[in-house]
Amino acid sequence: LPWLLLSAAADSSVRVWNTQTPQDPLKNTLAQPTPHTTDALSNPTCVSCCPLDASCCVAGYTNGALTRYDIESGKSFVVSVGGDSMCDLVKLNSIAMHPRLPVVLTTGDDGFVHTFDLNGGGSPLASLRVGAMAQDGASCVAIDPAGVQLATACHSGRVRLWDLRATSHPCCSVELSAHATKGDEGTHSLAYAPSSSISSGHP
């Protein structure tokens, strides 16, 4: 549904907008399910549509929770509950949907990319450290349209490309260090062009 727009905001809601009805654009408001709705820290930081199912989207939260929503009904399904205490809290910075598999990839300040099954299970299917150091949090992630290459970026500004066709574990094929840090922040966003392996992002 190309006319639908999703937004995630500090008011703890994910909203669905119909861009073809500007007089009454709000289509639905998606609220994070309990018990996290009482957590002042659980605001959505990122949201993405599911390429394999246009009726659902996935949102990531500041408490590390990952939730799948039905766009029409608002029904929610918790993919991962995130941390239950401050010592476990890892804010999700970015999510990316695999174009061919029912999985979602997340980045957080723990410096890892975690892969989750959209149908639940709670624990990551796989985890990949992308930060060079423990304090180098992962800021964003993107996957190419063919689903064979992963791009990750960290607060250090480094961008790495990973070959997902490796038989045992993704291997870093290219490291790009063109982005300088500014105010303890590095690369903010990554995006692949629809038909070629190009990624970009900077502060």
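Residues numbered from 1 in each chain as written. Predicted model: local features only at pLDDT ≥ 70, side-chain atom pairs only at ≥ 80, totals over all residues. Heavy atoms only, no water.

## Section: the overall build of the chain
Phase 1 of the analysis: Each helix and strand in the chain was counted, giving zero helices and 17 strands.
Phase 2 of the analysis: Considering only contacts in the chain between residues 6 or more positions apart, those separated by 24 or more positions represent 42%.
Phase 3 of the analysis: With an accessible surface of roughly 10300 Å², the chain has 55% of that area assigned to carbon and sulfur atoms. (Helix = DSSP H or I, 4+ residues; strand = E, 2+ residues; numbered from the N terminus. Contact = heavy atoms within 4.5 Å. Areas by Shrake-Rupley, 256 points an atom, 1.4 Å probe, with all protein chains shown as cover.)

## Points about the nonpolar core
Phase 1 of the analysis: Counting residues in hydrophobic clusters, the biggest one holds 12 residues: C46, C50, C56, V58, L66, V79, L92, I95, M97, V104, F116 and L118.
Phase 2 of the analysis: At the level of secondary structure, the elements contributing two or more residues to this core comprise strand 4 (44–50), strand 5 (53–61) and strand 8 (92–97). (Core = buried A, V, L, I, M, F, W, Y, C linked by side-chain atoms within 4.5 Å. Buried < 20%, exposed > 50% of the residue type's maximum accessible area, 1.4 Å probe, protein only.)

## Regarding the side chain of H98
Phase 1 of the analysis: Within the fold, H98 resides in the loop between strand 8 and strand 9 (103–108).
Phase 2 of the analysis: According to the relative accessible area criterion, H98 is buried, its value standing at 9%.
Phase 3 of the analysis: Polar contacts involving the side chain of H98 include one to the main-chain amide nitrogen of L101, which spans 3.1 Å.
Phase 4 of the analysis: Here H98 is in contact with P51, V103, L105, I143 and G147, once residues within four sequence places are set aside. (Polar contact = N/O pair within 3.5 Å; in protein donor to acceptor, adjacent residues only side chain to side chain.)

## Observations regarding the environment of V81
Phase 1 of the analysis: Mapping V81 onto the fold places it in the loop between strand 7 (76–80) and strand 8.
Phase 2 of the analysis: Along the chain, V81 and G64 lie 17 residues apart, while their C-alpha atoms are 7.0 Å from each other.

## Concerning the environment of D117
Phase 1 of the analysis: With respect to the helices, strands and loops of the structure, D117 is situated in strand 10 (residues 112–117).
Phase 2 of the analysis: On a C-alpha basis, the gap between D117 and V79 in space is 7.3 Å, while along the polypeptide they are 38 residues apart.
Phase 3 of the analysis: Among residues more than four places away in sequence, those in contact with D117 are V79, P102 and L125.

## Points about the pairing of strand 7
Phase 1 of the analysis: Where strand 6 (residues 66–70) meets strand 7, four bridges bridge the pair, whose relative direction is antiparallel. The residue of strand 7 that forms the bridge with R68 is F77.
Phase 2 of the analysis: Hairpin connection, strand 6 to strand 7: the antiparallel pair is bridged by five residues, and G74 has positive phi, about 80°. (Pairing = 2+ DSSP bridges.)

## Details of unusual backbone geometry
Phase 1 of the analysis: Although it is not a glycine, S12 adopts a positive phi angle of roughly 75°.
Phase 2 of the analysis: With respect to the helices, strands and loops of the structure, S12 is situated in the loop between strand 1 (4–8) and strand 2 (13–18).
Phase 3 of the analysis: With relative accessibility at 31%, the residue S12 sits in the partly exposed group.

## Considerations on the sheet that holds strand 3 (residues 26–31)
By definition, the strands of a sheet pair up through backbone hydrogen bonds, in either a parallel or an antiparallel sense.
Phase 1 of the analysis: Strands sit in the order 1-2-3 across an open sheet of three strands; the sheet is antiparallel. The open sheet has two edge strands with one neighbour each: strand 1 and strand 3. The mean inter-strand angle of the sheet, taken between neighbouring strand axes irrespective of direction, is 20°.
Phase 2 of the analysis: Where strand 1 lies against strand 2, five bridges are found, and the strand directions are antiparallel. Within strand 2, the position partnered with L5 by the bridge is W17. (Axes fitted to C-alpha atoms, helices over the stretch in contact; angles between N-to-C directions.)

## Remarks on the environment of C56
Phase 1 of the analysis: Along the chain, C56 turns up in strand 5.
Phase 2 of the analysis: Between the alpha carbons of C56 and K75 there is a distance of 9.5 Å; along the sequence they are 19 residues apart.

## Notes on the pattern of salt bridges
Phase 1 of the analysis: Under the defined criterion, the tally for this structure stands at five salt bridges.
Phase 2 of the analysis: As a salt-bridge pair, R15 and D11 come within 3.8 Å of each other at their nearest N and O atoms.
Phase 3 of the analysis: In this structure D11 comes out as partly exposed when scored by relative accessible area, which is 46%.
Phase 4 of the analysis: Across the pair E175 and R160 runs a salt bridge whose closest N-O atoms are separated by 3.3 Å. Here the residue E175 occupies a position in strand 15 (residues 171–176), and R160 occupies one in strand 14 (residues 159–163), the gap between them amounting to 15 residues. (Salt bridge = Lys/Arg side-chain N within 4 Å of Asp/Glu carboxyl O.)

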